[in-house]
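Residue-level structure breakdown
Each chain, written out:
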Amino acid sequence: MYVDPSVITTSFPSKSELALNLTPDGKRLTFMGYVSAINQLDVSNSNTPGITEPGNPVTTTPTYRAVAQINFDDPHFISHGFLTPKVTTTNAYPGNNGRAGILGSNGSYYTVGNAGNGNGSAAVTEAASVQIVIPGQNATQSTPGTNQVGSFNITQYGYKADKTAKDNNFRGETIFNNTLYVTKGSGGNGINTVYQVGNAGTLPTLSNAANTPITILPGFPTNLAKTGKNVNGTVQPIYYPFGIWFANATTLYVADEGDGVAADAATSTTAGLQKWSLVNGTWQLDYVLQKGLNLGQQYTVAGLPSADNPATDGLRNLTGHVNPDGTVRLYAVTSTISGSGDQGADPNQVVAITDRLSNTTATQAASEQFRIILAPKFGQVLRGVSFAPKSFEKDD
């Protein structure tokens, strides 16, 4: 359905934004965008009205980032065939983009994104990472409205400090069992991995946000994104996690988008859909599903110059559901590589795969294969994938 651009827009080539997150109760759908007219240049690198970054070369009008909420029960949202979501503005993520927002059971939005496009500042650092946004409390120029949740630093794992703002350059998020989880999978700083935000079973609040711990899930990578080195000097593969989805408390699927290098795509051992299992308190990688993605193989798109034909590099956002027969159906959007000069604008795909929940080895999953649900189309990019919100009436 068409979303009313008078209330919120997106940045077409910004590949890491516009995740769609269904609330754990299944009744509300959220995403992030900009309070901007369409066809405005460089909005995703603009300052926000309350935070001006020194040295930001983008002089576009400062633009609020915003969380949009959709619930199909409320007639406010649907009129004449298009959606008019409820929108709450924030000054978070100046110079960069807010990537995802999700509504917690306590009524707060939890958002993730990146900040900074210039020389940085304390305000810019505090406007990155995980943020709490209160629905209906719109930011103003004089009240920035940024509420950062914790702050991860690689010194927590024995490394020498680097750029704190970039250590918290988070991309994907989910809430499971009332616990917030986020991912980092880009940039030359920090650790690309999966993080838990706060204590298990408790969502952060405004009162404890500053002291909320952000820690790597036990068993997930702890090596540096820049070099692949662990604190002891050994080198391990660098992961690029994006979307995450829990099938249950001991099974976590992670979408890995690949490193964005054309020469690496076909031989990547981590890109695609990773399945992790919790064993004796530690997460372990069972296998990576890649069959049918045709990583690194160019595909044609009608209307696109052949020189710009993209190839799949991995997966970004995903969702799924557990079936009564013990299988899991998963849906994801693909990441791309190409020679276009702006891979964020490449036409990409929605794909699906069925996995057996009990499988724990690549041999058991050898026959599982992705198929295309929505094919690439010129002038179209696919960012998030979610089930539609349920009706309140159906549950009453």
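Presented here is a report on the structure given in the accompanying data block.

Cut-off values and rules
- Residues numbered from 1 in each chain as written.
- Predicted model: local features only at pLDDT ≥ 70, side-chain atom pairs only at ≥ 80, totals over all residues.
- Heavy atoms only, no water.
- Pairing = 2+ DSSP bridges.
- Helix = DSSP H or I, 4+ residues; strand = E, 2+ residues; numbered from the N terminus.
- Buried < 20%, exposed > 50% of the residue type's maximum accessible area, 1.4 Å probe, protein only.
- Phe/Tyr/Trp six-rings, centres within 6.5 Å; stacked < 30°, edge-to-face > 60°.

Description of the sheet that holds strand β7 (residues 86-90)
Reading across from one edge, β2-β3-β4-β7 is the order of the four strands in this open sheet, with antiparallel pairing throughout. The sheet is open, and its two borders are formed by β2 (21-22) and β7, each paired with just one other strand. Bridge count between strand β3 (residues 29-34) and strand β4 (residues 65-70): six bridges; the pairing is antiparallel. Along β4, the bridge assignment pairs phenylalanine 31 with alanine 68.

Quick word on the pairing of β4
Most of β4 is tucked away, with six of its six residues classed as buried. Both faces of β4 are covered, namely the face carrying Arg65, Val67 and Gln69 and the face carrying Ala66, Ala68 and Ile70. Across five bridges, the pairing between β4 and β7 is antiparallel. Looking at the pairing, glutamine 69 lines up with lysine 86 of β7.

Focus on the packing of aromatic side chains
Evaluated as defined, the whole model comprises eleven aromatic pairs. Seen in terms of ring centroids, tyrosine 239 and tryptophan 276 are 6.4 Å apart; in terms of plane orientation they differ by 55 degrees. Their pairing is tilted. Placement of the pair is tyrosine 239 in the loop between β14 (214-216) and β15 (241-248) and tryptophan 276 in strand β17 (residues 272-279), with a sequence separation of 37 residues. Overall, tyrosine 239 belongs to the buried group, its relative accessible area being 15%. Centre to centre, the rings of tyrosine 331 and phenylalanine 387 are 6.0 Å apart; their planes meet at 90 degrees, and the pair counts as edge-to-face. Here the residue tyrosine 331 occupies a position in strand β20 (residues 327-337), and phenylalanine 387 occupies one in the loop between β22 (371-374) and α4 (392-395), the gap between them amounting to 56 residues.

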